[in-house]
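Survey of secondary and tertiary structure
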Amino acid sequence: QVQLVESGGGLVQAGDSLRLSCAASGRTFSNYAMGWFRQAPGKEREFVGAILWSTSNTYYADFVKGRFTISRDNAKNTVYLQMNSLKPEDTAVYYCASTSYRGGGITRSILYDYWGQGTQVTVSS
């Protein structure tokens with residue numbers, strides 16, 4: 001099993017920045033990728049971005065390209081989501097998730113095995 005704990009959410013104003021952290025523990029050696037998803041009230045969970053553990057290749061949803069950056073610290077088994085130029089429409093609960101699936105479809109939440117508890121990000125206008 002893999003345990004994931006997010007932190008770093010909060011209330012900010014439009015244009016501000018936040019950095020979310022996701023600390024992984026347990027059987028992390030089996031992880032292929034770590035993803036970030038978000039879910040706003042009344043909306044479906046959507047893919048934000050992901051990073052591969054082995055290569056650090058990153059993938060982003062179009063709506064965050066140029067604003068959000070995913071990075072990792074192998075020594076700490078931690079993945080970060082740096083969010084800049086935040087907009088009110090970025091308001092959501094943000095989740096990190098891990099997957100051991102190597103067959104593609106990294107944007108699909110159904111392929112992720114383990115999820116964190118989520119952290120609230122609220123951006124005021």
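This text goes with the structure placed above it.
This write-up is about the structure you can find in this document. All values reported here derive from a predicted model rather than from experimental measurement.

Considering the pairing of strand E11 (residues 119–124)
Only one face of E11 is covered, namely the face carrying Thr119, Val121 and Val123; the face carrying Gln120, Thr122 and Ser124 is uncovered. The sheet contact formed by strand E2 (residues 10–13) and E11 spans 4 bridges and is parallel. Note that in E11 the partner of Gln13 across the bridge is Ser124. Where strand E9 (residues 92–99) lies against E11, 3 bridges are found, and the strand directions are antiparallel.

Here's the deal with the nonpolar core
With 34 residues, the main nonpolar core has Trp36, Phe68, Leu81, Met83 and Tyr94 as its most contacted residues. Within the residue set of this core, elements represented by two or more residues are strand E1 (2–7), strand E3 (18–26), strand E4 (33–39), strand E5 (46–52), strand E7 (68–73), strand E8 (78–83), E9 and E11. In terms of residue count, the dominant contributor to this core is E5 (5 residues).

Some points on the state of the cysteines
Inspection of the entire model under this criterion finds 1 disulfide. Two residues, Cys22 and Cys96, share a disulfide whose sulfurs are 2.0 Å apart. Around the S-S axis, the bridge from Cys22 to Cys96 shows a dihedral of about 65° and counts as right-handed. Of the two residues, Cys22 is situated in strand E3 and Cys96 in strand E9; the sequence distance between them amounts to 74 residues. With a relative accessible area of 1%, Cys22 lands in the buried category.

Let's talk about the environment of Pro88
Residue placement: Pro88 occurs in the loop between E8 and E9. You can call Pro88 partly exposed: its relative accessible area is 35%. Note: C-alpha distance between Pro88 and Val123 (35 residues apart in sequence) is 4.7 Å.

Observations regarding unusual backbone geometry
You will see that Asn77, though not glycine, has its phi angle at about 50°, which is positive. With respect to the helices and strands, the residue Asn77 is situated in the loop between E7 and E8. Taking relative accessible area as the criterion, Asn77 reaches 26% and is therefore assigned partly exposed. Here the phi dihedral of Ser85 falls at roughly 50°; this positive angle occurs in a residue that is not glycine. Among the residues examined, Ser85 registers a relative accessible area of 41% and is labelled partly exposed.

A word on the pattern of salt bridges
In a structure, side chains of opposite charge can pair up when their charged atoms sit close to one another. In total, this model carries 4 salt bridges according to the counting rule given. Between Glu46 and Arg38 there is a salt bridge, with the nearest N and O atoms lying 2.7 Å from each other. A relative accessible area of 6% places Arg38 in the buried class. A single network of salt bridges, built from pairs that share partners, joins Arg38, Glu46, Arg67 and Asp90.

Details of the side chain of Asn31
Along the polypeptide, Asn31 turns up in the loop between E3 and E4. Its relative accessible area of 6% is what places Asn31 among the buried residues. Excluding residues that lie within four positions of it along the chain, Asn31 makes contacts with Val2, Trp53, Ser98, Thr99 and Arg102.

Cut-off values and rules
Residues numbered from 1 in each chain as written. Predicted model: local features only at pLDDT ≥ 70, side-chain atom pairs only at ≥ 80, totals over all residues. Heavy atoms only, no water. Buried < 20%, exposed > 50% of the residue type's maximum accessible area, 1.4 Å probe, protein only. Helix = DSSP H or I, 4+ residues; strand = E, 2+ residues; numbered from the N terminus. Pairing = 2+ DSSP bridges. Core = buried A, V, L, I, M, F, W, Y, C linked by side-chain atoms within 4.5 Å. Disulfide = S-S within 2.5 Å. Salt bridge = Lys/Arg side-chain N within 4 Å of Asp/Glu carboxyl O. Contact = heavy atoms within 4.5 Å.

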